[in-house]
Amino acid sequence: MPEDRSHTVSALLAAYDTRVPIDPLSEHDPEFTVEKAYELQLQQVSAWTAMGRVIKGHKVGLTSSAMQRQLGVDQPDYGHLFADMFHLESVPIDTRSFISPKAEPEIAFVLDRDLSGPGVTTVDALRAVGYVLPALEIIDSRIRDWRITLPDTIADNASSGGVVLGSTPVALRGRDLRLTGCVLSTNGEVAYTGAGAAVLGSPINALVWLANTLGALGVTLEAGSVVLPGSLTAALPVTAGTTVTACFTGIGSVTACFAQVGEARQ
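Bear in mind that the values here come from a model prediction, so they are computed numbers and not experimental data.

Caption draft 1: Here's a closer look at helix α2 (residues 34-50). With 17 residues, α2 extends 24 Å from end C-alpha to end C-alpha; this agrees with the ideal 24 Å at 1.5 Å per step. The complete set of buried residues in α2 reads A37, Y38, L40, Q41, Q44, V45 and W48. Taken around the axis of α2, the buried residues stretch over an arc of 155°, which confines them to a single face. Exposed side of α2, more than 90 degrees from the buried face: E35 and A50 are the residues found there. Trailing α2 by a residue or two, G52 shows a phi angle of about 105°, which is positive.

Caption draft 2: Looking closely at the UniProt feature "domain: Fumarylacetoacetase-like C-terminal" (unreviewed entry) in the protein chain. What UniProt calls "domain: Fumarylacetoacetase-like C-terminal" (unreviewed entry) maps, in this numbering, to residues 100-257. The span residues 100-257 shows a helical share of 16% and a strand share of 36%, and its end C-alpha atoms are spaced 16 Å apart.

Caption draft 3: Inspection of the environment of V199 at higher detail. Structurally, V199 is set in the loop between β9 (189-195) and α6 (203-215). On a C-alpha basis, the gap between V199 and L232 in space is 6.2 Å, while along the polypeptide they are 33 residues apart. The contacts of V199, once residues within four sequence positions are left out, are T63, A206, P229, G230, S231 and L232.

Caption draft 4: Just the sheet that holds strand β12 (residues 243-248), in detail. The mixed open sheet is built from five strands, whose spatial order is β4-β13-β12-β8-β9. Strand pairing shows two members of the sheet lacking a second neighbour, β4 (93-94) and β9, which therefore form its edges. As paired strands, β4 and strand β13 (residues 252-259) are joined by two bridges and run parallel to one another. Of the residues in β13, the one forming a bridge with D94 is A259.

Caption draft 5: Fine view of the side chain of K59. Of note, K59 is situated in strand β1 (residues 55-61). Dropping the residues within four chain positions of it, K59 is found in contact with D77, Y78, G79, L81, E137, I139, A158, S159, S160 and L228.

Caption draft 6: Summary view of the pattern of salt bridges. In total, this model carries 10 salt bridges according to the counting rule given. Ionic pairing is found between R178 and D176, a salt bridge with its closest N-O pair at 2.6 Å. Here the salt bridges do not stand alone but share partners, grouping E27, D145 and R147 into one network.

Caption draft 7: Here's a closer look at the packing of aromatic side chains. For the structure shown, the criterion picks out four aromatic pairs. Judged by centre distance (5.2 Å) and plane angle (85°), the rings of Y16 and W48 are edge-to-face. Within this pair, whereas Y16 is found in helix α1 (residues 3-18), its partner W48 is found in helix α2, the two being separated by 32 residues in sequence. With a centroid separation of 4.5 Å and 20° between ring planes, the pair formed by Y38 and Y78 is classed as stacked. A residue pair is termed long-range when its members are at least 10 positions apart, and Y38 in helix α2 and Y78 in strand β2 (residues 77-82) qualify at 40 residues. Under the relative-accessibility criterion, Y38 is labelled buried at 15%.

Caption draft 8: Structural context of unusual backbone geometry. Look at the link from G117 to P118: it is a cis peptide, with omega at 0°. With respect to the helices, strands and loops of the structure, P118 is situated in the loop between β5 (102-111) and α4 (122-128). The phi dihedral of S159 is positive, around 55°, even though this residue is not glycine. Its location among the elements puts S159 in the loop between α5 (150-155) and β7 (160-165).

Caption draft 9: Fine view of the pairing of β9. With six bridges joining them, strand β8 (residues 181-186) and β9 adopt antiparallel strand pairing. Within β9, the position partnered with V183 by the bridge is T193. Count of turn residues in the β8/β9 antiparallel hairpin: two residues, of which N187 carries a positive phi of about 50°.

Caption draft 10: Inspection of α6 at higher detail. Taking 1.5 Å of rise per residue, 13 residues should cover 18 Å, and α6 covers 18 Å from first to last C-alpha, within 8% of that figure. Among all positions in α6, only P203, I204, A206, L207, V208, L210, A211, L214 and G215 are buried. Where the residues of α6 are buried, they touch β1, β2, β5, α4, β6 (129-139) and β10 (226-228).

Caption draft 11: Spatial organisation of the state of the cysteines. Scanning the model with the defined rule gives zero disulfides in all. Note on C257: no disulfide assigned, nearest cysteine sulfur contributed by C247 at a separation of 13 Å.

Here is what the cut-offs are and how they apply
- Residues numbered from 1 in each chain as written.
- Predicted model: local features only at pLDDT ≥ 70, side-chain atom pairs only at ≥ 80, totals over all residues.
- Heavy atoms only, no water.
- Helix = DSSP H or I, 4+ residues; strand = E, 2+ residues; numbered from the N terminus.
- Expected span 1.5 Å × (residues − 1).
- Buried < 20%, exposed > 50% of the residue type's maximum accessible area, 1.4 Å probe, protein only.
- Arc of directions from axis to C-beta.
- UniProt positions renumbered as here; feature names shortened; annotations may be inferred.
- Contact = heavy atoms within 4.5 Å.
- Pairing = 2+ DSSP bridges.
- Salt bridge = Lys/Arg side-chain N within 4 Å of Asp/Glu carboxyl O.
- Phe/Tyr/Trp six-rings, centres within 6.5 Å; stacked < 30°, edge-to-face > 60°.
- Disulfide = S-S within 2.5 Å.

Next up, the structure:
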C-alpha cells in the first residue's frame, strides 16, 4: 500500500475512535477517483475483519434524487454492514458513538439464498429475497461537515453508521415496492414523505445493481445477508432526545430512539 494511502486509511479508522472528523479527501487529491475510494474502503474492511468484526450485509447509498441533491452526488455507491452496527428497535442509541448522525427510512431485504452477479436480473433478485423489513439506517460521516464528493463517501464506507430493523418480516411476493409509501416522523411530527419509486425506480433495482457490481469483483451476496437498498426520503439529522419513526405502507413501522446512554462505542 502506498504510504499516503496507508496514512489515509489510518486517519479514517482513527476518526471512528476519536469522533473527530477529517478534511475531505478529495480536497487533497485532485485525482481521487471512485476506484481509489473503493480501494480505501476495502482496506478498512480488511482492518475491521482482522479485529474480529463480522460482515452481515451491504448498503446501497445515494439511490434517490433527494439524497443525491442533499449530498451533491450523481450516482449510487455501496458500503459494508457489520454485526455491531445493528441496534434493537426502540432501545436507546448513544449519539456519542457518532459524529454527525442522520436517519434514513429504508426497506431492508433479507436474502434466503446466495445472489451473485454479474448478469443478475430482477427475477433473480426477487427469488433471492426471503422477506423485507422496515428499517432506519443511521448514516454518519468521518468527513468534516459532510463536505463530501462521491469518492469521499465511498472511501468512508458509504457514510455508514448503524441500522435499526423492524421486528416483523413481510413476504415480498405480490408486493410492488415502487408504490410503497413512507412517512418519516421525528418526535411525533412528520418530517418527510416518500415512496419506493424514489430508489432507482424500485428498491429491487438497487439490489440488482449491488449484486452485479459486487459480482464483477468476485463477491457474492450470501444467504442471510441484510441489504439496505437506499433511502425513500432525504436524511433527517438526529441528536440526543430525538425519536425517529418510519412507517411503510403494507410493511409496518420501525422506531429509533437517540440518547446519551453511558460510554460511547470504542
